[in-house]
Amino acid sequence: MQHDTTALIGGVDWATDTNEQCIVDATGSIVARRNTTHDAAGIRRLVEGFVRHGVQQVAIERPDGPVVDALLTVGIEVVVITPRQVKHLRARYSAAGNKDDRFDAYVLADVLRTDGHRLTPLTPDSPQTLALRSAVRARTDLVEARVALCNQLRAHLRVVFPAVVGLFADLDSPISLTFLARFPSVDKAAWLGQRRLGAWLAANGYCGRQPARVLLERLQTGPEGLTGDAAAAAAHTTLAYVATLIAVRGQIAALEAQIREQLALHPDAHVFTSLPRSGQVRAAKLLAEIGDARGRFPTEASLAALAGAAPSTRQSGRHHVVTFRWACDKKLRDAVIDFAADSRRASPWAAAIYDRHRTTGKTHQHATRILARAWLRVIWRCWQDGTGYDSARHGGARPFLTPNEAIDQAA
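Throughout what follows, the structure given in this document is the object of discussion.

## Overview of helix α9 (residues 212–221)
The periodicity of an α-helix, 3.6 residues per turn, causes residues three or four places apart in sequence to face the same way.
Then step 1. Every buried residue of α9 is listed here: A212, V214, L215, L216 and L219.
Then step 2. Contacts made by the buried residues of α9 are with α6 (174–182) and α8 (194–203).

Structural data, given as structure tokens:
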């Protein structure tokens, strides 16, 4: 049988160790199959197989990674069909709907063949955005690790040295970690008097929120901890947590400096830093997750859906249900929700939307998602136009302008 080599389409089911490759022709017949290792040599062979057969389009389940980068580098158009979509599409080809990598590679290729006109090709972000995204996500991972370590340290101290928990505002703050490094046990802290504690606080740059007298009273009247040999042994564990937290905090600070530098050089920085209470790191997070490929989101509704800010509607006959959208880009949703939740502290317009929905009985999370949806309309427009946010030009925010702002706008 002669295959139409002018319309060959590929599918890739990626995995941690191997990748399954499938190529189909215009009739859906399989032209070639291949299993390659998920390393540099294997990915090179996979791409060479597509190039050799003249494949111009490839379907895959994820929008990033070395396979996607390699395909885009040689000019092959990549279309993303999410794992959730593939799960439902299996029933189209098999009643059993079982998970099989070779079968999924065929499903990906054949769905692209039959429904390619319904799917949007992947538009890659710029190298600047990819680098910023890597730094932002690494920082997020380290922050989560810091929180987990802090919780572990707190649980440990509640047993061995409970009086020090709550001594300072944050257990993982620099002054708190420095204190624990010097006084990791009840016996070590017993050496402190008011003058000694005051001198130590001054030498270590304590902000002075609480006087030495109050801090010493908390140490002396707090719950008893371990003493003697047991305390000495537990102190080693305390010091291990403290040293790790100090290292993680240092790396977070280093990444934040790098993020600020990368953001300052990004051409879209002004769009996101102009948003109320976006700051630098939060603005970088929004930019990194939304990206700079305008074609990826042709409408603000498409951006809202991927961010999980638009509800999922299901309707069949008289049955109509509106539910939370579970299928979305979780990292993008976290970035948008984080921004929206804090924006109401600086934007009267955002505060009014949030308060209105809270008064109707909606939860904080629900009201924040509604606010996020409203912000995404604004962000999408600014992003598409390449302009910064200006409350004076924002129709919804105009009623909340102060008299001076209104005069400036009229002028």
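## Some details on the packing of aromatic side chains
Then step 1. Counting across every chain of the model gives 12 aromatic pairs.
Then step 2. Between F339 and W375, the aromatic rings sit 5.2 Å apart at their centres with planes inclined by 65°, giving edge-to-face as the arrangement. Note that F339 is positioned in helix α14 (residues 330–343) and W375 in helix α16 (residues 364–385), a separation of 36 residues in sequence.
Then step 3. For W375, a relative accessible area of 0% puts it in the buried group.

## Details of the packing of α14 against α16
Then step 1. Their axes nearest at 9 Å, the elements α14 and α16 cross at an angle of 100°. The pairing of α14 with α16 is recorded here as roughly perpendicular in orientation. Only T368, R369, L371, A372, W375, L376 and I379 of α16 make contact with α14, whose side of the interface consists of V336, I337, F339, A340, A341 and S343.
Then step 2. A per-class count over the contact of α14 with α16 returns 10 nonpolar, 2 polar and 1 charged.

## Describing the packing of α6 against helix α10 (residues 228–265)
Then step 1. At a minimum axis distance of 9 Å, the contact between α6 and α10 shows a crossing angle of 145°. Between α6 and α10 the crossing geometry is left-handed. Here P174, L177, L180 and A181 of α6 lie close against α10, whose contacting residues are T238, L239, V242, L245, I246 and R249.
Then step 2. Grouping the amino acids of the contact of α6 with α10 by side-chain chemistry returns 8 nonpolar, 1 polar and 1 charged.

## Concerning the side chain of D292
Then step 1. Structurally, D292 is set in the loop between α12 (281–290) and α13 (300–306).
Then step 2. Of the side chains with opposite charge, R294 lies nearest to the buried D292, which makes no salt bridge, at 5.8 Å.
Then step 3. Here the side chain of D292 touches S126 through a polar contact of 2.5 Å, side chain to side chain.
Then step 4. A distance of 2.8 Å separates the side chain of D292 from the side chain of T129, its partner in a polar contact.

## Brief notes about the pairing of strand β1 (residues 9–14)
Then step 1. The buried fraction of β1 amounts to 5 of the 6 residues, a majority that puts the element mostly inside the structure.
Then step 2. Here 6 bridges tie β1 to strand β2 (residues 18–24), and the two strands are oriented antiparallel to one another. By the bridge assignment for β2, G10 is matched with I23.
Then step 3. Two successive antiparallel strands, β1 and β2, enclose a turn made up of 3 residues.
Then step 4. Sheet topology places β1 next to strand β4 (residues 57–60); 4 bridges connect them, and they run parallel. When the bridges of β4 are listed, I9 appears paired with Q57.

## So, the pairing of β4
Then step 1. Note: β4 against strand β5 (residues 77–80), 4 bridges, orientation parallel. Within the sheet, the bridge partner assigned to Q57 lies in β5 and is E77.
Then step 2. Once the chain exits β4 it traverses helix α2 (residues 66–73) before rejoining the sheet at β5, and the crossover so formed is right-handed.

## So, the state of the cysteines
Then step 1. If you walk through the whole model with that rule in mind, you get 0 disulfides.
Then step 2. Its sulfur unpaired, C207 is 17 Å from the next cysteine sulfur, which belongs to C150.

## Re the nonpolar core
Then step 1. Membership of the largest hydrophobic core comes to 44 residues, with the highest contact counts inside it found for F272, L275, I290, W349 and W375.
Then step 2. Going through the elements one at a time, α5 (127–160), α10, α11 (269–273), α12, α13, α14, α15 (348–359) and α16 are the ones with two or more residues in this core.
Then step 3. With 11 residues, the single largest contributor to this core is α16.
Then step 4. Not counting residues within four places of it along the chain, the set of residues in contact with W375 comprises L275, P276, F339, A340, S343, S347, W349, A350 and Y389.
Then step 5. Ranked by size, the runner-up nonpolar core spans 32 residues in total, among them F179, W200, L215 and L219.

## Quick look at the sheet that holds β1
Then step 1. The sheet built from 5 strands is open, its strands ordered β3-β2-β1-β4-β5 with mixed pairing. Each edge of the open sheet is held by one strand with a lone partner, namely β3 (30–37) and β5. The average angle at which neighbouring strand axes cross in this sheet is 20°, direction not considered.
Then step 2. The sheet contact formed by β2 and β3 spans 7 bridges and is antiparallel. Bridge assignment links E20 to a residue of β3, and that residue is N35.
Then step 3. Against the sheet, helix α4 (residues 101–115) contacts β1, β2, β3, β4 and β5, and its axis sits at roughly 145° relative to β1.

What counts as what
Residues numbered from 1 in each chain as written. Predicted model: local features only at pLDDT ≥ 70, side-chain atom pairs only at ≥ 80, totals over all residues. Heavy atoms only, no water. Buried < 20%, exposed > 50% of the residue type's maximum accessible area, 1.4 Å probe, protein only. Helix = DSSP H or I, 4+ residues; strand = E, 2+ residues; numbered from the N terminus. Contact = heavy atoms within 4.5 Å. Phe/Tyr/Trp six-rings, centres within 6.5 Å; stacked < 30°, edge-to-face > 60°. Axes fitted to C-alpha atoms, helices over the stretch in contact; angles between N-to-C directions. Parallel < 35°, antiparallel > 145°, perpendicular 65-115°, else oblique. Nonpolar A, V, L, I, M, F, W, Y, C, P; charged D, E, K, R; others polar. Left-handed = near helix turned anticlockwise from the far one by under 90°. Lys, Arg positive; Asp, Glu negative; His and termini not counted. Salt bridge = Lys/Arg side-chain N within 4 Å of Asp/Glu carboxyl O. Polar contact = N/O pair within 3.5 Å; in protein donor to acceptor, adjacent residues only side chain to side chain. Pairing = 2+ DSSP bridges. Right-handed = clockwise from strand over helix to strand, strands pointing away. Disulfide = S-S within 2.5 Å. Core = buried A, V, L, I, M, F, W, Y, C linked by side-chain atoms within 4.5 Å.

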